[in-house]
Amino acid sequence: MTDVSYAKGFRYVEGSKAIKFGSPFDDPDADLVLRSSNRVDFRVNKATILKASPVLREIVRSQALASQSTDNAEKRACVSLPVVQLPERHDTLYPLLTAIFPVTVSIPNNQENLTLVLAAAQKYRMDTAMTLLRTFVEKERPNLVHRDNAFSAYGLAWQNRLLPETLAAARLTLESHLSIQGLGESLKYTHGTSLYQLQLYRENSHLHLSRALTQFRLGEQTETRRMWGPQNRMACERMLASGVPVWLDGFLRFMQTSRPILDFTKFHRFLMDHVASTRCDFCRSKPPQLIDAFWEALTKVVEGALSLADSEFVFEDDVHDALEVSPHSSSTPVAAMPFGAPFDRPDADLVLRSSNLVDFRVHKLLLSLASPFFRTMFSLPQTAPNSQEKQADIPVICVSEDSNSLNGLLSLIYPLPLSVPDSYEAVLKLLAAAEKYEMESAIINIRSQVLAGDFPNIDPKQPFHAYALASRLHLELEARRAAFLTLNQPMTFSDLGATLRCFDGAALYELARYRAECRNAVLTCLEKAVVPFSEAVVRVCEVVGVLEEGCYIADEVYRRYEPVWWRDLVRSRADDLRSGRASAVVDPAKAQAAFLATLEPHIIDGGCAFCFKVFFRRAEYFSSILEDMISEAIEKIDLDLAW
């Protein structure tokens, strides 16, 4: 973050020693020091802080931090004032404190810093300060969040659970087309759940807008009918049966998909085009006051629809948190349940306790043989466990895996029947546990079971879900395989749906980049497909004995073995890929069907004996040439999994 010198004469210099912020937070009568994370001290009045924040009030009253957080030299510099260490930087604390103390309020000059200040105010429950800051922003920085930075503003506000700012930014995104590819590197800093909620908000907004505008357009008692319907035996030259002018009906329909939603310039253009084409005196003579009143009524309709979408927005927890279950502390007096057979042997010398409090009685020797991780752990000097870390004189180790994953893992290293996971997600969790504990044999066994079909495999219809989970669990091979399988499916917010919640932003960005590079590689491959195809045709012609012949519409000698229908097939494939109508990878059966669908009309309508002899009887071979070239090109594209 860029350092900002909010106070005149203050400039932050990186260092290990705490420094004073200075005026206006250098009061000699101060009785408390607030220290930022980058060790900048603010001398403040304790009573004002206690009144402004119940959270800080509790911290100050429960801790005497002066002797714990400062050395002797710093104590003398602070005159032995109590010091409260805060996790925020000085350029976040300063604007926050100006909203509490009787000094000039300082508003950050960029949206990111402002979000951090508001998040700190919310965290410390400084309600008055938050209200004051938002009021000043509305007056002094009304355009701090705009169409171009709305998405990043939404992500920051969502991450810090600032509801008004989240909704305001989400509304601004309605003015732009939102696509995964178009968001680019900004995806790296987002949460999958926030993207899912933004997509839901946009869908709900358009749903409510569609209903409201339809009612406004067709309702009997709406401003549309009263202002633009027939009056005093006069009416628009082109009027619908509903009593609404055709041009206005068209504009209201257009609003449901336009960006921005409310655009007076477009409204005026619809009106002027109508008047120019029909010379409609009825619409041309409408006074400006009536048009303003209509626009105000329309604005209220739009605001009401968006307010409904706002009211339906509730923050969801990131799904990532559910994948990172921390084991219960051994000091927590919570009763654990035994797993039972076969992990209940009386000769066990260790208990592994799962995250959902299930105990497995196991043997250190087997764990040491299967896992270098446990081998190293057992070789270290062991501290004497307390009574709650032992079970019948056996030490207890709490692990982060649940009982299903732990049972599956142990079944791989004990001479027992394998515990088969019930889903591919469970397989990935099992693999992640095996990699965590460095169980190479178990890792190989799991992947072998998947390939053999004994363990669940990726659902071809849900490769995005598999990729999201594999990337979050840091399973490189599984993530690469899933990423490849996504290539034959579209990737939009609507297509991903609830799967977005499983994604980490960086993984989603990398998948979008990988797919784009694969697409470009396929387009390049299609442009260069002529030479290898022609070479294959020559080889077949030599075998069939038609080397001196050629396609009847390929007149040029050098294109004798490159029929026009083939060029059309390749060109059509490239056009479909550019427009998004086709994917980079095509199923071999579909590729062959497309090949024949292009070839057959040429043979039947033109009676081309050459193409019948050479291509029709070898459709599978020739269609596979292009697909093999495409597969080879895609294999060269790397998926950058920077974990």
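Quick caveat: nothing in here was measured; it's all calculated off a predicted structure. (Residues numbered from 1 in each chain as written. Predicted model: local features only at pLDDT ≥ 70, side-chain atom pairs only at ≥ 80, totals over all residues. Heavy atoms only, no water.)

**Considering the pattern of salt bridges**
Overall, the coordinates contain 26 salt bridges when judged by the stated rule. In this structure, E296 engages K300 in a salt bridge whose closest nitrogen and oxygen atoms are separated by 4.0 Å. Here the residue E296 and the residue K300 both occupy positions in helix 16 (residues 288-311), the gap between them amounting to 4 residues, near one helical turn. A residue is classified by how much of its surface remains accessible, and K300, at 58% relative accessible area, is exposed. (Salt bridge = Lys/Arg side-chain N within 4 Å of Asp/Glu carboxyl O. Helix = DSSP H or I, 4+ residues; strand = E, 2+ residues; numbered from the N terminus. Buried < 20%, exposed > 50% of the residue type's maximum accessible area, 1.4 Å probe, protein only.)

**Remarks on a negative patch on the surface**
Taken together, D26, D27, D29 and D31 make up a surface patch of like negative charges. The partly exposed category is assigned to D31, whose relative accessible area is 31%. (Patch = residues over 30% accessible without salt bridge, like charges linked within 9 Å, V, L, I, M, F, W, Y side chains within 5 Å. Areas by Shrake-Rupley, 256 points an atom, 1.4 Å probe, with all protein chains shown as cover. Lys, Arg positive; Asp, Glu negative; His and termini not counted. Charge placed at Lys NZ, Arg CZ, Asp CG, Glu CD.)

**Points about the layout of surface pockets**
Considered as a void within the structure, the largest pocket measures approximately 720 Å³ in volume. Lining the largest pocket are 30 residues, with P490, M491, T492, R515 and G580 sitting closest to its centre. When its residues are assigned to classes, the lining of the largest pocket shows 11 nonpolar, 12 polar and 7 charged. (1 Å grid on protein atoms, 1.4 Å probe; cavity = no way out; pocket = protein on both sides within 12 Å on 5 of 7 lines; lining within 4 Å. Points joined across faces, edges and corners; volume = space filled by probe spheres on them. Nonpolar A, V, L, I, M, F, W, Y, C, P; charged D, E, K, R; others polar.)

**Some thoughts on the pairing of strand 2 (residues 32-35)**
Of the two faces of strand 2, the one carrying L32 and L34 and the one carrying V33 and R35 are both buried. Here strand 2 runs beside strand 3 (residues 40-44); their pairing, made up of 4 bridges, is antiparallel. Counterpart to L32 in the pairing with strand 3 is V44. The antiparallel pairing of strand 2 with strand 3 creates a hairpin that spans 4 residues between the two strands, and R39 there sits at a positive phi of about 60°. Here 3 bridges tie strand 2 to strand 4 (residues 83-85), and the two strands are oriented parallel to one another. Among the inter-strand pairings, R35 is bridged to a residue of strand 4, identified as Q85. (Pairing = 2+ DSSP bridges.)

**A short note on helix 21 (residues 424-436)**
Taking 1.5 Å per residue as the helical rise, helix 21 with its 13 residues ought to reach 18 Å, and the 18 Å between its terminal C-alpha atoms agrees with that figure. Of the residues making up helix 21, those classed as buried are Y424, V427, L428, L430, L431, A432, A433 and A434. Buried positions along helix 21 lie against helix 20 (403-413), helix 22 (440-452), helix 23 (463-472) and helix 24 (476-485). The first or second residue beyond helix 21 is E438, which carries a positive phi of 60°. (Expected span 1.5 Å × (residues − 1). Contact = heavy atoms within 4.5 Å.)

**Focus: the packing of aromatic side chains**
Under the counting rule described, the total for this entry stands at 39 aromatic pairs. Ring plane angle 55° and centroid distance 5.7 Å describe the contact between W247 and F267, whose orientation is recorded as tilted. On the criterion of sequence distance, the pair formed by W247 in helix 13 (residues 246-255) and F267 in helix 14 (residues 264-278) is long-range, its members being 20 residues apart. The buried category is assigned to W247, whose relative accessible area is 6%. Pairwise contacts between aromatic rings join F216, W228, W247, F251, F254, F264, F267, F270, F294 and W295 into one cluster. Positioned over the ring face of W158 is R161, at 4.2 Å from the centre of the ring. (Phe/Tyr/Trp six-rings, centres within 6.5 Å; stacked < 30°, edge-to-face > 60°. Lys NZ or Arg CZ within 6 Å of the ring centre and 35° of its normal.)

**A look at the packing of helix 9 (residues 163-173) against helix 11 (residues 192-218)**
Contact geometry of helix 9 with helix 11 gives a least axis separation of 10 Å together with a crossing angle of 65°. Read as a crossing pair, helix 9 and helix 11 show a hand that is right-handed. Mapping the contact onto sequence places L167, A170, R171 and T173 in helix 9 and L198, Y201 and R202 in helix 11. Partitioning the contact of helix 9 with helix 11 into residue classes produces 4 nonpolar, 1 polar and 2 charged. (Axes fitted to C-alpha atoms, helices over the stretch in contact; angles between N-to-C directions. Left-handed = near helix turned anticlockwise from the far one by under 90°.)

**Some remarks on the packing of helix 11 against helix 16**
Between helix 11 and helix 16, the shortest axis-to-axis distance is 8 Å and the interhelical angle comes to 140°. The two elements helix 11 and helix 16 meet at a crossing, and its hand is right-handed. Along its contact with helix 11, which presents Y201, N204, S205, H208, L209, A212, L213 and F216, the element helix 16 presents F294, A297, L298, V301, V302, A305, L306, L308, A309 and D310.

**Brief notes about the sheet that holds strand 1 (residues 19-20)**
Whenever strands of a sheet pair, they do so through backbone hydrogen bonds, lying parallel or antiparallel. Ordered by their spatial adjacency, 4 strands build an open sheet running 1-3-2-4, and the pairing between neighbours is mixed. Edge positions in the sheet fall to strand 1 and strand 4, since each has one partner strand and no second. Here strand 1 pairs with strand 3 via 2 bridges, running parallel. Counted as the bridge partner of K20 is D41 from strand 3. Across the sheet, helix 5 (residues 90-98) is in contact with strand 2 and strand 3; its angle to strand 3 comes to roughly 15°.

**Some thoughts on the state of the cysteines**
Counted under the stated rule, the structure contains 0 disulfides. The closest cysteine sulfur to the non-disulfide-bonded C236 is located on C283, 3.7 Å from its own sulfur. Overall, C236 belongs to the buried group, its relative accessible area being 6%. Looking at C541, it has no disulfide partner, and the nearest cysteine sulfur is the one in C611, 9.4 Å off. (Disulfide = S-S within 2.5 Å.)

**Points about unusual backbone geometry**
Note: most residues except glycine have negative phi, and most peptide bonds are trans. The omega torsion of the bond from S23 to P24 falls at 5°, within 30 degrees of zero and hence cis. Along the chain, P24 turns up in the loop between strand 1 and strand 2. A341 connects to P342 through a cis peptide bond whose omega is 5°. Turning to its location among the elements, P342 is positioned in the loop between strand 5 (337-338) and strand 6 (350-353). One non-glycine residue, R39, lies in positive phi territory at about 60°. Tracing the backbone shows R39 in the loop between strand 2 and strand 3. Positioned with a positive phi, E438 is a non-glycine residue whose angle comes to about 60°. For E438, a relative accessible area of 37% puts it in the partly exposed group.

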